[in-house]
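# Fold and geometry: a report
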Amino acid sequence: RPTDHQRMIINRLSEHATRAVVMSQTALRRHSLQYGVERERIEVIPHGADALFTGPSLISGDRPLVLTWGLIGPGKGLESVIEAFADLSDLDPRPRYLIAGATHPHVRRRSGETYRQGLVSLVHRLGLEELIEFDDRYLDRAALARMVRSADLVVLPYESVEQVTSGVLVEGIAAGKPVIATAFPHAVELLSGGAGVTVPHDDPGALSAALRRLLTDRRLTAQMAREAQKLAEGWNWPIIGRRFERMMSDLAESGGFAESRKTREVHRVAG
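This text gives an overview of the structure that appears in the document. A quick note: this is a predicted structure, and the numbers were derived from the prediction, not measured. (Residues numbered from 1 in each chain as written. Predicted model: local features only at pLDDT ≥ 70, side-chain atom pairs only at ≥ 80, totals over all residues. Heavy atoms only, no water.)

## Topic: the overall build of the protein
In terms of regular secondary structure, the protein is built from 12 helices and eight strands. Projecting the C-alpha coordinates of the protein onto the three principal axes gives extents of approximately 70 × 40 × 30 Å. Counting across all 271 residues of the protein, residues that qualify as buried make up 42%. Looking at the protein alone, contacts between residues at least 24 apart form 71% of all its contacts between residues at least 6 apart. (Helix = DSSP H or I, 4+ residues; strand = E, 2+ residues; numbered from the N terminus. Buried < 20%, exposed > 50% of the residue type's maximum accessible area, 1.4 Å probe, protein only. Contact = heavy atoms within 4.5 Å.)

Next comes the structure, spelled out in structure tokens:
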């Protein structure tokens, strides 16, 4: 449901573009159906993943590790996972949930660490100190990749129902990790083939049930990990770069860029 201003921006960009590149099939459908961009002018090139996230699993220890990472702030749905873990304390071995990431700079400027402190207070109120951990470091790519590869499961409990691209989702799949996510569009698209599961928004009970299922069924999670690895084939950034290169070379050879310059000149004179 784009605002008038959002629609104007996309329409103006599309008028001047020879090609529009989107990162998901959902974005392609929206671009075509909602904004009227001709299908042949839209190219789907997926979000890439750093090769650091691929490779052998680094899982260790007896207790399974569930991970959410990224800049912390309202809208990430972290409260739902904390509440879901209140129903998992009976599992043996008991799982660990790690919330990794620094507070978003915009959030910190507005309200300091109040949001993170609220999450910590919720953990204490529910008596989950032995299950839930926080790591507020801003990690470099290599350290972050090692952390993700060390996890058993990835949870993305985002509150947004509009998100058509998630780099964190892509990195989790590239690491071969089963993913539990709320049903935002990119998660529904990528996880429908078996690399994970989606749950309704604002439903800690459904999230808890999904966590319990994956934490207790190793055969299922192993199958999801294999599906994730297959899905991520071709996502490394150099491969994605070559897809952009081929697209632009084809446009150059066909005279597409010259046509685009001519179209812009027409718009400039007419405007």
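Moving on from the model shown.
## A look at a nonpolar patch on the surface
Together, Met-8, Ile-9 and Leu-13 give the surface a local cluster of nonpolar side chains, amounting to about 270 Å² of exposed area. Following the sequence through the fold, Leu-13 ends up in helix α1 (residues 4–16). (Patch = residues over 30% accessible without salt bridge, like charges linked within 9 Å, V, L, I, M, F, W, Y side chains within 5 Å. Areas by Shrake-Rupley, 256 points an atom, 1.4 Å probe, with all protein chains shown as cover. Salt bridge = Lys/Arg side-chain N within 4 Å of Asp/Glu carboxyl O.)

## A look at the nonpolar core
Membership of the largest hydrophobic core comes to 33 residues, with the highest contact counts inside it found for Leu-67, Trp-69, Leu-156, Leu-169, Ile-173, Val-179 and Leu-191. If you list the elements that add at least two residues to this core, you get β3 (65–69), β4 (96–100), α6 (141–149), β6 (153–156), α7 (167–174), β7 (179–182) and α8 (185–191). When residues no more than four places from it in sequence are discounted, the contact partners of Leu-156 are Ser-166, Val-168, Leu-169, Val-179, Ile-180, Ala-181, Thr-182 and Phe-184. If you look at the next biggest cluster of nonpolar residues, it comprises 31 residues, including Val-66, Tyr-115, Leu-128 and Met-224. (Core = buried A, V, L, I, M, F, W, Y, C linked by side-chain atoms within 4.5 Å.)

## Side note on the packing of helix α3 (residues 78–85) against helix α5 (residues 114–125)
Interhelical geometry of α3 versus α5 gives an angle of 10° and a closest axis separation of 10 Å. It follows from the interaxial angle that α3 and α5 lie roughly parallel. Across from Leu-78, Glu-79, Ile-82 and Glu-83 in α3, the residues of α5 making contact are Tyr-115, Leu-119, Leu-122 and Val-123. Class assignment for the residues of the contact of α3 with α5 results in six nonpolar, no polar and two charged. (Axes fitted to C-alpha atoms, helices over the stretch in contact; angles between N-to-C directions. Parallel < 35°, antiparallel > 145°, perpendicular 65-115°, else oblique. Nonpolar A, V, L, I, M, F, W, Y, C, P; charged D, E, K, R; others polar.)

## Section: the pairing of strand β8 (residues 196–199)
Two elements, β7 and β8, share four bridges in a ladder whose sense is parallel. The residue of β8 that forms the bridge with Ala-181 is Thr-198. Between β7 and its parallel partner β8, the chain crosses via α8, and the hand of that crossover is right-handed. (Pairing = 2+ DSSP bridges. Right-handed = clockwise from strand over helix to strand, strands pointing away.)

## Side note on the environment of Ala-49
Turning to its location among the elements, Ala-49 is positioned in the loop between β2 (42–44) and β3. Taking relative accessible area as the criterion, Ala-49 reaches 1% and is therefore assigned buried. Sequence separation between Ala-49 and Gly-75 is 26 residues; the distance between their C-alpha atoms is 24 Å. Look past the residues within four positions of Ala-49 in its chain and what remains in contact with it is Val-170, Ala-174, Trp-235, Asn-236 and Trp-237.

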